[in-house]
Amino acid sequence: MLLTKTPVLVCSNAFRTFLQKHCPVVAERYCPTPWCWGGRLQTLVQAFIKSRPSVSYRNELIRTADGGQISLDWVDNGASAAYPESSTRPTVLILPGLTGNSQQPYVLHAISQATRRGYRCVVFNNRGFGGEELLTPLTFCAANTSDLERVVLHVKELFPQAPLLGAGVSLGGMLLLNYLARKGSESGLVAGITLSVAWNTVESTASLEQPINWLLFNRHLTVNLCQAVNRHRKMLEKVVDIDYVMKARSIHEFDERYTSVLFGYKSCLDYYYDASPDYKLPRTAVPILCLNAADDPFSPKHAFPLALAKHLPNVALLVTAHGGHIGFLEGIFPRGEGYMDRLIGQYIEAVFEHPGDLKRAWLNN
């Protein structure tokens, strides 16, 4: 029997006060779907049962310094009553997960939350995963923030007066945190939110190597990654042994044969250390809310940086007892808006509508 519990919120007192006032969902009891018990089941079910809100994108391809291209999917929200002036309309930059893109249900729900409040959205599709042609032998990884830096600069050039918030899911959240740590006060973002981040890549990989997790998740993700690489075989075979990569049977083997090789790491372990955002949190310089479930098979709870977050003025960790990986399903028929979606909506509204309160919350610690 699942117990309805209030999530654990780990942050400074000032940030807590701000969140409880302007983002009340953080203090609500989270009641998971009663027939969907356990993190594994939540993780599996959400992929099949969640609805897909209707979203019309405007696609834009931008070039990178190395000659590559990045696919951006925009929802301009030109009919916004709250922000009729495009130049100052707040913008949410969404970073999908490992094999995700702008068509994922969690992305569509995040956009629904943002656009109904009058905000603009742009989805940063990982290079090679947005349907675009790969022009250079380079894709993406959690540690390499150069493409994200290019995207943020592009968005800020287009709308220099519009506040920009980053929302990263799973690997997208890792990428966002690594970017925020690298850029510090020069990130161009007013705030961030992450959902189901893997805080320590070594620990996450070990969790996914457990037999049942390998069977349910690891194997499937590895197949998807290999298929993506194979789609760009002609370009990527210049720099990696594609046939060897295609024989990978786990994410760890894939990262060993592909990711760490492509990005020039001496070992897969070196890559995993560089990709892990946990120890970099003190280098971040904007308010960040991070949602994780204690039963996430991708991100074990013993790796959550709770002790670190206690002493940081700008970071809040929100931990639910249940919810799995990008699940957080609630209600008997959990097709529509769930706990995670409501959190995204309330937090981005809190950031964009109460900037003075937010600034005082973490600068006055």
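My aim in this report is to walk through the structure given alongside it, one point at a time. Nothing here was measured: the structure is a model prediction, and the numbers come from that model.

## Thoughts on the overall build of the protein
Next, step 1: Assigned secondary structure in the protein consists of 14 helices and nine strands.
Next, step 2: Relative to the 2.2 N^0.38 estimate, which gives 21 Å for 365 residues, the radius of gyration of the protein is 19 Å and therefore close to what a compact globule would have.
Next, step 3: Seen through its principal axes, the protein has C-alpha atoms that stretch 55 × 50 × 40 Å.
Next, step 4: Buried positions account for 58% of the 365 residues belonging to the protein.
Next, step 5: The long-range fraction of contacts in the protein, counting pairs at least 24 apart against all pairs at least 6 apart in sequence, stands at 77%.
Next, step 6: Looking at the protein as shown, the accessible area adds up to about 14,900 Å², and 55% of this sits on carbon and sulfur atoms.
Next, step 7: If you average the places of the 35 positive and of the 31 negative side-chain charges in the protein, the two averages end up 3 Å apart.

## Considerations on the nonpolar core
Next, step 1: Within the largest apolar cluster, 66 residues are counted, with the highest numbers of intra-cluster contacts made by Leu93 and Phe124.
Next, step 2: Shared between two domains, this core holds at least three residues of each, these being domain 1 (8–200 + 281–364) and domain 2 (201–275).
Next, step 3: Leu19, Ala293, Ala316 and Phe328 belong to the second largest nonpolar core, which has 46 residues in total.

## Looking at the sheet that holds strand E1 (residues 8–10)
Next, step 1: Taken in spatial order, the nine strands line up as E1-E9-E8-E7-E6-E4-E5-E3-E2 in an open sheet, and their pairing is mixed. In the strand order of this sheet, the two ends are held by E1 and strand E2 (58–63), each with one partner. On average, each strand axis in the sheet is tilted by 20 degrees relative to the strand beside it, whichever way the strands run.
Next, step 2: Relative to strand E9 (residues 315–320), E1 runs antiparallel, the two sharing three bridges. Paired with Val10 across the strands is Leu317, a residue of E9.
Next, step 3: Against the sheet, helix H3 (residues 105–115) contacts strand E3 (69–75), strand E4 (91–95), strand E5 (120–124) and strand E6 (164–169), and its axis sits at roughly 160 degrees relative to E5.
Next, step 4: Helix H4 (residues 146–158) rests against E2, E3, E4, E5 and E6 of the sheet, and its axis sits at about 45 degrees to E3.

The rules behind each value
- Residues numbered from 1 in each chain as written.
- Predicted model: local features only at pLDDT ≥ 70, side-chain atom pairs only at ≥ 80, totals over all residues.
- Heavy atoms only, no water.
- Helix = DSSP H or I, 4+ residues; strand = E, 2+ residues; numbered from the N terminus.
- Rg over C-alpha atoms; globule rule 2.2 N^0.38 Å.
- Buried < 20%, exposed > 50% of the residue type's maximum accessible area, 1.4 Å probe, protein only.
- Contact = heavy atoms within 4.5 Å.
- Areas by Shrake-Rupley, 256 points an atom, 1.4 Å probe, with all protein chains shown as cover.
- Lys, Arg positive; Asp, Glu negative; His and termini not counted.
- Charge placed at Lys NZ, Arg CZ, Asp CG, Glu CD.
- Core = buried A, V, L, I, M, F, W, Y, C linked by side-chain atoms within 4.5 Å.
- Domains from an automatic or database assignment.
- Pairing = 2+ DSSP bridges.
- Axes fitted to C-alpha atoms, helices over the stretch in contact; angles between N-to-C directions.

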